[in-house]
2 protein chains.
Amino acid sequence: MADPNQRIDSIIKKLKESSHKLTPQRLAVVKILAHSQGHPNVEQIYEQIKSDFPTMSLATVYRNVMLLKSLGEILELGFPDGSNRYDGNKPYPHPHVICIKCKKVIDPDLDSLKDMTSEIAAETGFKIVTHRLDFFGFCQDCMNQ
Amino acid sequence: MADPNQRIDSIIKKLKESSHKLTPQRLAVVKILAHSQGHPNVEQIYEQIKSDFPTMSLATVYRNVMLLKSLGEILELGFPDGSNRYDGNKPYPHPHVICIKCKKVIDPDLDSLKDMTSEIAAETGFKIVTHRLDFFGFCQDCMNQ
DNA sequence: GAAATAAATGATAATGATTATCATTTAAAT
DNA sequence: ATTTAAATGATAATCATTATCATTTATTTC
C-alpha cells in the first residue's frame, strides 16, 4: 500500500492549497484513513477517534470524510446494500472483492482488467468518467466455519 | 430484450410454484417490470401503476419488488449514490452504463468481458457469488446540451 | 502576542428511502 | 359458499446521512 506518512503529507498539502483549516479533528480523520487497510465506514472512523478524543462528534467525521472525498483524496465505496466504506490509500477506481458474510473488503490484483472503458465509450457514445468493478462472495475464513 | 410475455409467464409460474397469490397489484408490478426498458425505480413503478390503479399503495410496490428479487426474477441495481433501480429483463449480473446527468441506465455489449470471476477466485480464495460492473459518464444527449 | 474573522465544531433536528406494523380485505383451496 | 392464510393500504418506525445554528478555534493581520 501507499506509505501512510506520504499520504498524510499529500492530503495536508491539498487541504492547505484549498485553504481549509487544519484542526485536530480533521487531522485525526486524515490519519486514520491514510493508515487504514480495511476500508472503514464512518462509524468505525468515529469509534476509533473517540477512544483518544472523546469530544469528537459524528457530524464532524461525516463533514471531513465528505471534504476529503470532494478533494479527490479518498475513494467512497457505496455498495448495493446501501453501506458506505472509504479507501484512503488508492483514491482512484479499482476493483474490490467483498465478503458477503464478514463484510471484509480487499483490493485484488486483476491481470485481465483490460481497458474496457474505451470499448464501452466506443460502443455507447458515452464519455466515461469513472467505473466500479466489485466481486461479492465468501472469503476463506467465513467458508471454514 | 427478452419477450415481455414470456417473462410474465415465467414469473407467474415462479410465483405459483412458491405458492404466492396472484393479486391484481402483484400482476401490475410484474407487467411493468417485464415490459421495462429503462431500469425503473420503485417510485416510477408506483406512479405508472397508480394512473390506472389509483388505490395502489407504495408499500405494496416495495413488497412485490422485494418478493420478485428474492425469487431471482428481477435484478436490483443499488448504485453508489444510494438509488435503487430494477431490471426485469435480465435477472443475472451484467454490466451497466449510467449517465450521471439524466440517470439513464443502459445495457452495453462488452466483448472483452472475460471470465474475471475465476481469476479473482483463484487469486483471493473467495467463492464468488455475484459481481457488479458499472461505468459512469455522460450520454450523448446530455453532452449535446 | 493580541485582536479580528471566517471556518470548523458539537449537539441535535430534519430528511428521505425503505421496512415494519396491524387492522382489513381477498385469492384460492375445500 | 365457507374457510384461512396471505396480501393490501395506511401509516409509523428506522437508520444513515445532511442541515442547522450557537459556540469555539485556526489562521491572518497589525
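In what follows, the structure referred to is the one given above.
Please read all numbers here as calculations on a predicted model, not as lab measurements. For every chain, the first residue of the written sequence is number 1, and numbering continues from 1 onward in sequence order. Chains carry letters and ligands carry numbers; both start at the beginning, A for chains and 1 for ligands, and go up in the order they are written. Restriction of local features to residues with pLDDT of at least 70 applies here, the model being predicted, together with a cutoff of 80 or more for giving and counting side-chain atom pairs; totals for whole chains, interfaces and linings are based on all residues. As a rule here, side-chain values come from all non-hydrogen atoms in the structure, and water together with hydrogens is ignored.

Draft legend 1. Highlighting the protein's contact with DNA strand D. Near DNA strand D you find 21 residues, and of these Tyr62(A), Asn84(A), Thr23(B), Thr60(B) and Arg63(B) are the closest. Pairs of N or O atoms are called polar contacts if they sit within 3.5 Å, as long as, within protein, a hydrogen donor faces a hydrogen acceptor (for residues adjacent in sequence, only side-chain-to-side-chain pairs). One nitrogen or oxygen atom from the side chain of Lys21(A) is found 3.2 Å from a base nitrogen belonging to DNA strand D. Measuring from a phosphate oxygen of DNA strand D, one finds a side-chain N or O atom of Asn84(A) at 2.7 Å. By definition, any uninterrupted DSSP run of H or I lasting at least four residues is a helix, any uninterrupted run of E lasting at least two residues is a strand, and each is numbered from the N terminus. Looking at the surface near DNA strand D, the elements that each hand over two or more residues are helix H4 (58-70) of chain A together with helix H2 (24-35) and helix H4 (58-70) of chain B. Near residues are defined by distance, with any heavy atom within 4 Å of the molecule or strand qualifying the residue.

Draft legend 2. Structural view of the protein's contact with DNA strand C. Not every one of the 20 residues close to DNA strand C is listed here, only the nearest: Thr23(A), Thr60(A), Arg63(A), Tyr62(B) and Asn84(B). Here the atoms of DNA strand C within 4 Å of the protein split so that 65% fall in sugar or phosphate, with bases taking the remainder. Between Ser57(A) and DNA strand C, the recorded distance is 3.1 Å, taken from a backbone N or O atom to a phosphate oxygen. In the model, a base nitrogen of DNA strand C is placed 3.1 Å from a nitrogen or oxygen of the Lys21(B) side chain. Only helix H2 (24-35) and H4 of chain A together with H4 of chain B provide two or more residues apiece to the surface near DNA strand C. Class assignment of the residues belonging to the surface near DNA strand C gives a composition of seven nonpolar, eight polar and five charged. Put simply, Ala, Val, Leu, Ile, Met, Phe, Trp, Tyr, Cys and Pro go in the nonpolar bin, Asp, Glu, Lys and Arg in the charged bin, and everything else, Gly too, in the polar bin.

Draft legend 3. Broad picture of empty space enclosed by the protein. Within this scheme a cavity is a closed region of a 1 Å grid, computed over the protein atoms alone, that accommodates a 1.4 Å probe without allowing it to escape, whereas a pocket is open but has protein on both sides within 12 Å along at least five of seven lines; lining residues each have an atom within 4 Å of a point. Grid points are joined across faces, edges and corners, and a volume is the space filled by probe spheres set on the points. If you walk through the whole model with that rule in mind, you get one cavity of 30 Å³ or more. The calculated volume of the largest cavity comes to roughly 60 Å³. Contributing to the lining of the largest cavity are Gly78(A), Phe79(A), Pro80(A), Arg132(A), Leu133(A), Asp134(A), Gly78(B), Phe79(B), Pro80(B), Arg132(B), Leu133(B) and Asp134(B). Contributing elements (two or more residues each) for the lining of the largest cavity: strand E5 (127-138) of chain A together with strand E5 (127-138) of chain B. Counted by class, the lining of the largest cavity contains six nonpolar, two polar and four charged residues.

Draft legend 4. Representation of helix H3 (residues 42-50) of chain B within the structure. All names here are of chain B. Among the residues making up H3, those that are buried are Val-42, Ile-45, Tyr-46 and Ile-49. Within H3, the buried residues cover an arc of 100 degrees as seen down the axis, which keeps them to one side. Measuring from the side-chain oxygen of the N-cap residue of H3 to the backbone nitrogen of Glu-43 gives 3.2 Å; that N-cap residue is Asn-41. The buried label goes to any residue with under 20% of its type's maximum accessible area, the exposed label to any with over 50%, and the partly exposed label to all in between, with areas taken from a 1.4 Å probe on protein chains only. In this description, one arc is meant: the one made by directions from the helix axis to the C-beta atoms.

Draft legend 5. Spotlight on the environment of Ile74(A). Residues and elements named next belong to chain A. Locating Ile-74 in the fold gives a position in the loop between H4 and strand E1 (75-78). Taking the relative accessible area as the measure of exposure, Ile-74 reaches 4% and is therefore buried. When the C-alpha atoms of Ile-74 and Tyr-92 are compared, they prove to be 8.1 Å apart, with 18 residues separating the residues in sequence. Should any heavy atoms of two residues lie within 4.5 Å, those residues are counted as being in contact. If we ignore the near neighbours within four places in the chain, the residues touching Ile-74 are Leu-33, Val-65, Leu-68, Lys-69, Tyr-86, Asp-87, Gly-88 and Pro-91.

Draft legend 6. Broad picture of the interface of chain B and chain A. Residue-level contacts link 39 residues of chain B with 39 residues of chain A. Once two parts are joined, some of their accessible surface, as seen by a 1.4 Å probe, is lost; buried area is that loss totalled over both. For the pair chain B and chain A, the summed buried area comes to about 3400 Å², and 66% of that belongs to carbon and sulfur atoms. Contact with chain A buries surface across chain B, with Met116(B), Phe126(B) and Phe135(B) losing the most and accounting together for 18% of the total. Whenever Lys or Arg places a side-chain nitrogen within 4 Å of a carboxyl oxygen from Asp or Glu, that contact is recorded as a salt bridge. Scanning the region where chain B abuts chain A turns up zero salt bridges. One can count 12 residue pairs in polar contact (both at pLDDT 80 or more) joining chain B with chain A. For the side of chain B that touches chain A, the secondary-structure elements that each account for two or more residues are strand E3 (96-99), helix H5 (116-124), E5 and helix H6 (140-143) of chain B. Per element, the largest residue contribution to the side of chain B that touches chain A is 12 residues, and it comes from E5(B). Of the residues contributing to the side of chain B that touches chain A, the split by class is 20 nonpolar, 10 polar and nine charged. Pairing between strands is defined by DSSP: at least two bridges between the two strands are required. One ladder, built from 11 bridges, connects E5(A) with E5(B); its direction is antiparallel.

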